[in-house]
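Structure at a glance
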Amino acid sequence: MGELTRAFDWSKTSLGSPEVWSQSCLTSVYIMLTSKFPSLVFWGKELVTFYNDAFRPSLGNEGKHPSSLGQPGHISWAESWPVIGPMIHNIMAGGDAVWFEDQKLPIYREGRMGYAYWTYCFSPILDDDGSIGGLLVTCTETTRGVESLIQLGESESRFSNLVREANVGIVVLTGEEKKVEIANDGYARIIGFHAEQLLGKPIFDMIPAAKEVFEPVIDNVRNTEEIMYLYNAPYSVADENGNPKEGFVNLIYQPYREKDGSVTGVIVLAQDTTEQVLISQELNRQYEKEQKLNEELASINEELSAANEEMLIIQDDILSANARLTDSEERLRLTIESSNLGSCYMNMATREFIASPRMKELYGFYANEDMGFNDAVSLIADEYREMVLKAIDASLNQHQFYEVEYPVIGYHDKMLRWIKATGKIFDSDKSNAGIFFGTVEDITERKRDEQRKSDFIAMVSHEMKTPLTSMSGFIQLLQLEAVNIGNTFITSMSDKAARQVNKMTGMINGFLNVSRLESGKLTINKARFDLAQLIKDAEEESLSLYSTHRIIFHPAERIFVNADRDKMASVINNLVSNAVKYSAPGTAIHIVCIQENGMAQLSVSDEGAGIRKEDIPKLFDRYYRVEDQAMKAVSGFGIGLYLSCEIVHHHGGTIWVTSEVGEGSTFYFTIPID
Ligand code: ADP
């Protein structure tokens, strides 16, 4: 700048060339130029500008250097003259020196307008004559320092804003007592306070409930100077109103260092994770639930597929059973149709009753019209209805085979038809009510035949009774006469004739009894007598009648009964005569009479051929005889057991048989003891 100043053509300025400058001016310029401190001198009325090397950098390039040298102040510093001009003029007019620190002034440099900060002093310089000749400006540009301070300030406030507004809670705790140095709302919110309420206070005074858990962590970070992390730590505090507040928080503890590096506290970054934890707990619960459900589902699925398999097997069984069933059903239907049988079935669960067209026909209905169960029952002849219903009931409830014969009066045609009905309840398993399946057969013709037979037998028996009685009388006379004349041949012949007549009388009486029974004229003449005595009589009679078998009458105690003596005798005789007829000569027959449950019970056992199971239920039916080659040789009409059964029933007793084929049979009957 010394060089430039020397070379400058001062003659063109208001100062003129240096030869005319005052000593004071020269000295001031000299001091200024040699100073290492940035300085300027404004001299003379125009305040012509001088500046030194130290000031030179502040002028930059493409600005005031070197043009401002030698220029009047209001030109060289035109942009800041409105500020500094008045101060300078004031000093020139005798005012005090001024000093400014970091004053912001506009400046043109680097080809553009900008600002610069200055710390400067304007001080007056006396001229040789004692007046104020100029001004010394000592100044430093503080732009960089000020700007960095400003930046720092800005970044500080940005930082504090950041801290304040951060979603993350931040608190700085210092000293042994963990005083809150800095705290943001984020942190305060977590513990239920406002940030201002916390500042300057020991943190655990505010949240004593958290002290036990968190204070050791803070101490540890301070002592070890190591960062610590806590994830989803549960916390429990009381908020500013004393209400409990619980939750979860992520925490980062960092040592808080002073400039010198010493640790004086702990910075805590806290993030409330309550919501996330609750959500994730809920999710976990849901997941566990889902897992459980899945497991349950899997086991149900397993069960299902096992059940499915079972079902498939059952289905197969049903299909094949169905196939068999439809097959056998079809066969059954064909059999029934071809045999001219009517059929019906009743679903016991739904009470649905379906009758075949043939059955409807037998009951006097048209084939295409409906016939219900009650219709069928109402058409049964009055005196038979109860018996039929009882039989149906026994079949349904005791699962017995059902077989009854009864007359019905046709619904439309009012014709009397005899029906033989059979049936059985079918139930594949006990849990369902089953299906009753029945057949009905028209037996009117058979019944008429039987009736004709009965009528004929009754008529013949009746007609034979008188001649037989006469014959019996004549034979008795013949017997007496034969004894009288001592003719043994005639005696034996007349005895044989008497036996045959007796047999015949018995037979005729049987037929007459049957016809009496049918017409309801069978009379029972009851009287009190000793059954043991009757048995004794029967023993005597049988001894005279049968010589082929060992007939053993076991001794009986006296048992008084109130009964028809003759008819009881006929029952016993019939059982003994059957035993003789149906067992081989030489075998034994036992007749036993005992008391049992207030009843007199008589049994006749033989060692004969026995009776097949299927024949037993029909044995006591009228005219029933077992169809057997061996039986054919034995004469009989099948009325003995029928009559016996009726007689026993008329006395309020029961009759039954037990038998093994090839081993013999035992017939029992009971009547009440008097
Ligand atoms: P019948 O006149 O044919 O003997 P019953 O009514 O007395 O008539 O007997 C009916 C049928 O019962 C007989 O035809 C016979 O087949 C059978 N029966 C009766 N008693 C016996 C017996 N003790 N052993 C074997 N079968 C018998």
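A short tour of the structure in this document, coming up.

Criteria and cut-off values
Residues numbered from 1 in each chain as written. Predicted model: local features only at pLDDT ≥ 70, side-chain atom pairs only at ≥ 80, totals over all residues. Heavy atoms only, no water. Phe/Tyr/Trp six-rings, centres within 6.5 Å; stacked < 30°, edge-to-face > 60°. Helix = DSSP H or I, 4+ residues; strand = E, 2+ residues; numbered from the N terminus. Buried < 20%, exposed > 50% of the residue type's maximum accessible area, 1.4 Å probe, protein only. Lys NZ or Arg CZ within 6 Å of the ring centre and 35° of its normal. Contact = heavy atoms within 4.5 Å. Pairing = 2+ DSSP bridges. Axes fitted to C-alpha atoms, helices over the stretch in contact; angles between N-to-C directions.

1. Considerations on the packing of aromatic side chains
Summed over all chains, the structure comprises 19 aromatic pairs. Ring plane angle 80 degrees and centroid distance 5.2 Å describe the contact between tryptophan 10 and tryptophan 21, whose orientation is recorded as edge-to-face. Of the two residues, tryptophan 10 is situated in the loop between α1 (2-7) and α2 (23-34) and tryptophan 21 in the loop between α1 and α2; the sequence distance between them amounts to eleven residues. Like tryptophan 10, the residue tryptophan 21 is buried in the burial classification. Taking 6.1 Å as the distance between ring centres and 80 degrees as the angle between the ring planes, the aromatic pair formed by phenylalanine 42 and tryptophan 81 counts as edge-to-face. With a gap of 39 residues between them, phenylalanine 42 in strand β1 (residues 39-43) and tryptophan 81 in helix α5 (residues 81-92) connect regions that are remote in the sequence. The two residues phenylalanine 42 and tryptophan 81 agree in class, both being buried. Through a chain of ring-to-ring contacts, the aromatic side chains of Phe8, Trp10, Trp21 and Phe50 assemble into a single cluster. Positioned above the aromatic ring of tryptophan 418 is the side chain of lysine 447, whose terminal nitrogen or guanidinium carbon lies 4.3 Å from the ring centre.

2. Quick look at the environment of tryptophan 81
Owing to a relative accessible area of 12%, tryptophan 81 belongs among the buried residues under this scheme. For the pair tryptophan 81 and leucine 105, spaced 24 residues apart in the sequence, the C-alpha separation amounts to 9.4 Å. The contacts of tryptophan 81, once residues within four sequence positions are left out, are Leu47, Gly73, His74, Pro86, Ile88 and His89.

3. A word on the sheet that holds strand β12 (residues 352-355)
In spatial order, the strands read β12-β11-β15-β14-β13; together these five strands make up an open sheet with antiparallel pairing. Each edge of the open sheet is held by one strand with a lone partner, namely β12 and β13 (402-409). Each strand axis lies, on average, 20 degrees off the axis of its neighbour in the sheet, ignoring direction. Where helix α14 (residues 382-398) meets the sheet, its contacts fall on β13, β14 (416-426) and β15 (435-442), and the angle it forms with β13 comes to roughly 150 degrees. Each of β13, β14 and β15 is contacted by helix α15 (residues 444-485), which is oriented at about 120 degrees to β14, the strand it contacts most.

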